[in-house]
Amino acid sequence: MTAADDRLNGFGHAYRLRRKRRRLLFRIWRKRRQIAVRSDKTKQISPDAILAFATMRNEMLRLPYFLEHYRKLGVDHFLIVDNDSDDGTAEYLAEQPDVSLWHTSHSYRLARFGMDWVGWLLWQYGHGHWCLTVDADELLVYPQSAQRGLQSLTAWLDARGRASFGAMMLDLYPKGPLEDVTYTPGDNPTRVLNWFDVGNYCQQRHPYFGNQWIQGGVRKRVFFRDEPARAPTLNKTPLVRWHWRYAYVSATHQILPRQLHDVFGENIASGALLHTKFLPNIGQKSAEELARKQHFENTARYESYHQQLTLNPVLWHEGSEKFVGTEQLVKLGLISKGDWV
């Protein structure tokens, strides 16, 4: 193949990605009527506000600390879609002074796992803002995040002309059976979920989107050891200086345009999303997902995964590492400080 052929292939691929982004934006526009506002406080949003976006269902166990964590980090306003919760989640969110809330009873799976709904809110309110898109069980940390909040981080990114910030999902779990720990809403979940896998991560270039594709950790070790290629994707781009033309493709694992994927590397600062999925209600939530079949495109593939989670498994093993903070993650090479500090 000649250099000219390579250029033509490159132009063709870029064109296909542009078309895909436009199709996603059109899809987001069409799905906008599936969400209805319940508590609109968006007039509070200032031009320099840092915004957080999420879709949730029945997350009262996590919500108090989730909001506390991100308020301390520097989020100014939360824009949340409630997917028909029945545990008090919607009522609790509607009472919060810095939360704008929407409701939907439509299919989470058919809305690209909530990304169509969140995409519309990003389109309407995110343009020009630094926007953090996370799940209720994800807590963003990065080097010195306890001392330097998002205003400092985003100012540093702006000064370097960077419009995105990457983070690897880090699954946390307890030492014993998952449902044998005691957790009280409002507590820091990392006090009971305080172990993680260290050295079983791999990454490769995604063949289509061109981003670093990371897999590994405890879910690969325990639940997908026989099919490691099907293990969950751990790379995310959760923090973006948003433009209405941007679109997430698959959760926050992929985003278009693809230059926003340039978020991992030895000299590029990155963070971690502490994944608190394995709180003691995991068996109940897994049983619900087995019935609802809303969380995965190929539900049959993940049926065994959810079935195992209903059996109160032990995820800890002799190679587990106890979580103590972000400096530890830097030393282990799981996150990078680049020239941030």
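Please refer to the structure placed before this passage.
Reading guide: rules and limits
- Residues numbered from 1 in each chain as written.
- Predicted model: local features only at pLDDT ≥ 70, side-chain atom pairs only at ≥ 80, totals over all residues.
- Heavy atoms only, no water.
- Helix = DSSP H or I, 4+ residues; strand = E, 2+ residues; numbered from the N terminus.
- Rg over C-alpha atoms; globule rule 2.2 N^0.38 Å.
- Buried < 20%, exposed > 50% of the residue type's maximum accessible area, 1.4 Å probe, protein only.
- Contact = heavy atoms within 4.5 Å.
- Areas by Shrake-Rupley, 256 points an atom, 1.4 Å probe, with all protein chains shown as cover.
- Lys, Arg positive; Asp, Glu negative; His and termini not counted.
- Charge placed at Lys NZ, Arg CZ, Asp CG, Glu CD.
- Patch = residues over 30% accessible without salt bridge, like charges linked within 9 Å, V, L, I, M, F, W, Y side chains within 5 Å.
- Salt bridge = Lys/Arg side-chain N within 4 Å of Asp/Glu carboxyl O.
- Polar contact = N/O pair within 3.5 Å; in protein donor to acceptor, adjacent residues only side chain to side chain.
- Pairing = 2+ DSSP bridges.
- Axes fitted to C-alpha atoms, helices over the stretch in contact; angles between N-to-C directions.
- Expected span 1.5 Å × (residues − 1).
- Phe/Tyr/Trp six-rings, centres within 6.5 Å; stacked < 30°, edge-to-face > 60°.

The next point concerns the overall build of the protein. For the protein, the count of helices and strands is nine helices and 15 strands. Rg of the C-alpha trace for the protein: 20 Å, near the compact-globule value of 20 Å for 341 residues, within the 12% margin. Summarising its shape, the C-alpha atoms of the protein cover approximately 60 × 45 × 45 Å along the three principal directions. In the protein, buried positions account for 55% of the 341 residues. Sequence separation of at least 24 residues holds for 74% of the intrachain contacts in the protein that already meet a minimum separation of 6. When the accessible surface of the protein is summed, it comes to about 15,400 Å², and 48% of that surface belongs to carbon and sulfur atoms. Taken together, the 45 basic and 36 acidic charged side chains of the protein have centroids lying 8 Å from each other.

The subject of this paragraph is a negative patch on the surface. Side chains of D84, D86, D87, E91 and E95 sit close together on the surface and give a patch of like negative charge. Looking at the element boundaries, D87 is found in the loop between strand 3 (77–82) and helix 3 (89–94).

This part takes up the side chain of R112. With respect to the helices and strands, R112 occurs in the loop between strand 4 (99–103) and helix 4 (115–126). In this structure the side chain of R112 is engaged in a polar contact, spanning 2.9 Å, whose partner is the backbone oxygen of Y248. Discounting residues that sit within four places of it in the chain, R112 has contacts with L24, R27, I28, Y248 and V249.

The linkage connecting L256 with the following residue, P257, adopts the cis geometry, with an omega of 5°. Considering the arrangement of structural elements, one finds P257 in the loop between strand 13 (254–256) and strand 14 (271–275). For D84, which is not a glycine, the phi torsion comes out positive at approximately 65°. Checked against the element boundaries, D84 lands in the loop between strand 3 and helix 3. By relative accessible area, D84 is classed as partly exposed at 36%.

What follows is about the pattern of salt bridges. Applying the stated criterion across every chain, the model contains 13 salt bridges. Of the charged contacts in the structure, one is a salt bridge between E59 and R62, with a shortest N-O distance of 3.0 Å. In this pair, the class of E59 matches that of R62, namely buried. Of the charged contacts in the structure, one is a salt bridge between R160 and D339, with a shortest N-O distance of 3.5 Å. One end of the pair, R160, is in the loop between helix 5 (150–159) and strand 7 (164–171); the other, D339, is in the segment after helix 9 (326–331), and 179 residues separate them in sequence.

This next bit is on the sheet that holds strand 4. Taken in spatial order, the nine strands of this open sheet run 1-4-3-2-5-11-7-14-6, and their pairing is mixed. At either margin of the open sheet sits one strand with a lone partner, and together these are strand 1 (36–39) and strand 6 (138–141). Ignoring strand direction, the axes of neighbouring strands in this sheet form an average angle of 30°. Sheet analysis places strand 2 (residues 51–56) next to strand 3, joined by six bridges and oriented parallel.

Checked against the element boundaries, N281 lands in the loop between strand 14 and helix 7 (282–292). Each residue touching N281, except ones within four places of it in the same chain, is listed here: L61 and R62.

One turn of an α-helix holds 3.6 residues; hence residues three or four places apart share an orientation. End to end, helix 4 covers just 14 Å across twelve residues, shorter than the expected 16 Å (1.5 Å per residue, more than 12% under). Helix 4 sits mainly inside the fold: nine of its twelve residues count as buried. Within helix 4 the residues assigned to the buried category are M115, D116, W117, V118, G119, W120, L121, L122 and G126. Immediately beyond the C-terminal end of helix 4, within one or two residues, lies G128, with a positive phi of roughly 85°.

This part takes up the pairing of strand 6. On strand 6, burial covers both faces: E138 and L140 on one face and L139 and V141 on the other are all buried. The sheet contact formed by strand 6 and strand 14 spans four bridges and is antiparallel. Bridging from a neighbouring strand, E138 pairs with H275 of strand 14.

Overall, the coordinates contain 17 aromatic pairs when judged by the stated rule. Aromatic pair F26 and W29: ring centres 6.0 Å apart, planes at 20°, arrangement stacked. Residue F26 and its partner W29 are located together in helix 1 (residues 3–31), separated by three residues, close to a single helical turn. Judged by its relative accessible area of 48%, F26 falls in the partly exposed class. With relative accessibility at 37%, the residue W29 sits in the partly exposed group. Between W156 and W340 the ring centres are 5.4 Å apart and the planes differ by 65°, which places this aromatic pair in the edge-to-face class. Of this pair, W156 sits in helix 5 while W340 sits in the segment after helix 9, and the two are 184 residues apart along the sequence. For W156, a relative accessible area of 11% gives the class buried.

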